[in-house]
Amino acid sequence: MPDVRTTLAGLLAGTRSWDSVPGEMAARLPAAAADHGVSALLWNALDGVDEAAHVREQLTTIARAAVAREILVQRDLQTVTNALAADGVQALVVKGTALAYTCYPQAWLRPRVDTDLLVRLEDVTAAARVLDRVGYTRSNATNTGSLVSHQISFERRDASGATHVLDLHWKLVNPQIVADALPFDALWSTSRTAPRLGRTVRVPGTVASIAIACLHRLAHHQGHDRLVWLYDIHLLARTCSRREWEQLREFARAHKLAGLCVDGLRAARDAFGFEVPADVEAALDEASAGEPSRIYLERQVTKSDVLVSDLRSLPSWRARLRLLREHVLPPAAFIQERYQTRTRMLLPALYLHRLITGASRWVRS
């Protein structure tokens, strides 16, 4: 009997009928859908299936909340992107939100907890000023050293009480070994518009979006293959023309992401079923052999592995020491946010506690 993950993927892809789902499996689907971030997708896929009405009913509240929240998210993001464009700040909407408005039939079908924007490093200050002007405040929930993290988080509570979280990136991922793989200019040069989101919005093109999705899947969420991330790749890949497959082959090889791309494509194909041209798959496989990011394909990568890789990737001992310092001594505001206190007198003890417990977790990993 297929497991619940396989059954869930088959229902979403339309390759499995509800008649073939046993009762005990059906009872597990709502929880599995939530774990994999596809509750709204499953609700939508079961539309009109009378026999699945009891399962769909359990997902109705989630779907309605997603629809309502999307209205607020869209309005808020249009305000942000229009303000950035008015100030001449070039920004790309990336990851989940970009895909929601370009690949999914309805944006609310793609769940997100935040919106990701990518800008050039030299535009970070200007972008932050714009966000401040439209009502966002910088969050201290993320350790924002210059090497340990390549993003700043911002939050805003709107008039309805909804909280909007926006991550401002100057690099897409944090691990040094792949942090510079997809620079802003390479993505901007092949970007496209997203009319459903707004007239000033630009998102990465299809080829770059596949590379981003595959990079994000392993470099940011290695070992946690949720179906929603594979469904992203599935939606992108199934619309690729022959020319786009060839462009992906060259793009992935040029940016040394061939291994991550072929692994992501295979995982998504196994889950949802689509064709990857054999010659493209073979070329990506061959090109992956000497790539630095191959570490993510050879074994389960731990936090310790990432730290060692980061230290090896940095060009000088000064940079390596700075990275270690940022891990050990993050900003005081971050520590206060993490431990939910405003008492600065507690900072020495909190730093010590973080160092001891953090070291213990890293050793165990």
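For clarity, every value in this text was computed on a predicted model and none was experimentally measured. (Residues numbered from 1 in each chain as written. Predicted model: local features only at pLDDT ≥ 70, side-chain atom pairs only at ≥ 80, totals over all residues. Heavy atoms only, no water.)

Student: I tried to follow the nonpolar core on my own but got confused; where do I start?
Tutor: A general tendency of soluble globular proteins is for nonpolar side chains to be buried together. Ranked by size, the top nonpolar core spans 78 residues in total, and within it W18, L42, L182, L187 and L265 carry the most contacts. Considering each element in turn, this core owes the most residues, 10 residues, to helix α9 (residues 206-219). With near-sequence residues (within four places) excluded, W18 lies in contact with L11, A26, L29, L46, V49, E51, A52, H54 and V55. If you look at the next biggest cluster of nonpolar residues, it comprises 27 residues, including A100, Y101, V124 and I152. (Core = buried A, V, L, I, M, F, W, Y, C linked by side-chain atoms within 4.5 Å. Buried < 20%, exposed > 50% of the residue type's maximum accessible area, 1.4 Å probe, protein only. Helix = DSSP H or I, 4+ residues; strand = E, 2+ residues; numbered from the N terminus. Contact = heavy atoms within 4.5 Å.)

Student: Please explain the sheet that holds strand β5 (residues 163-169) as it appears in this structure.
Tutor: The strands making up a sheet associate through backbone hydrogen bonding, with each pair oriented either parallel or antiparallel. Taken in spatial order, the 5 strands of this open sheet run β1-β2-β5-β4-β3, and their pairing is mixed. What marks the edges here is a single partner per strand, and that holds for β1 (92-94) and β3 (137-138). Direction of pairing for strand β2 (residues 115-118) relative to β5: parallel, over a ladder of 4 bridges. By the bridge assignment, T115 is partnered in β5 with L166. Running at roughly 40° to β5, helix α4 (residues 53-86) makes contact with β1, β2, β4 (151-157) and β5 of the sheet. (Pairing = 2+ DSSP bridges. Axes fitted to C-alpha atoms, helices over the stretch in contact; angles between N-to-C directions.)

Student: Would you mind showing me how to read the layout of surface pockets here?
Tutor: The probe, sized like a water molecule, is rolled over the atoms to show the empty space still left. Of the voids in this model, the second largest pocket is the one considered here, and its volume is about 170 Å³. Here the residues of the lining of the second largest pocket sort into 8 nonpolar, no polar and 5 charged. (1 Å grid on protein atoms, 1.4 Å probe; cavity = no way out; pocket = protein on both sides within 12 Å on 5 of 7 lines; lining within 4 Å. Points joined across faces, edges and corners; volume = space filled by probe spheres on them. Nonpolar A, V, L, I, M, F, W, Y, C, P; charged D, E, K, R; others polar.)

Student: Would you mind showing me how to read a nonpolar patch on the surface here?
Tutor: On the surface, a cluster of nonpolar side chains totalling about 450 Å² of accessible area is made up of V328, L329, L352, L355 and I356. Counting residues per element, the nonpolar patch draws most heavily on helix α18 (residues 347-364), which supplies 3 residues. Considering the arrangement of structural elements, one finds V328 in helix α16 (residues 317-328). On the basis of relative accessible area, V328 is assigned to the partly exposed category, the value being 37%. (Patch = residues over 30% accessible without salt bridge, like charges linked within 9 Å, V, L, I, M, F, W, Y side chains within 5 Å. Areas by Shrake-Rupley, 256 points an atom, 1.4 Å probe, with all protein chains shown as cover. Salt bridge = Lys/Arg side-chain N within 4 Å of Asp/Glu carboxyl O.)

Student: Which parts of the structure should I look at to understand the packing of α9 against helix α11 (residues 242-254)?
Tutor: Pairs of packed helices are described in terms of their axes, by the angle between the two and the distance that separates them. At their nearest, the axes of α9 and α11 sit 9 Å apart, and the two run at 50° to each other. Relative to α11, the element α9 lies oblique. The hand of the α9/α11 crossing is right-handed. Packed against α9, whose contacting residues are T206, V207, A208, I210 and A211, the element α11 presents E244, Q247, L248 and F251 at the interface. Here the contact of α9 with α11 is built from residues that sort into 6 nonpolar, 2 polar and 1 charged. (Parallel < 35°, antiparallel > 145°, perpendicular 65-115°, else oblique. Left-handed = near helix turned anticlockwise from the far one by under 90°.)

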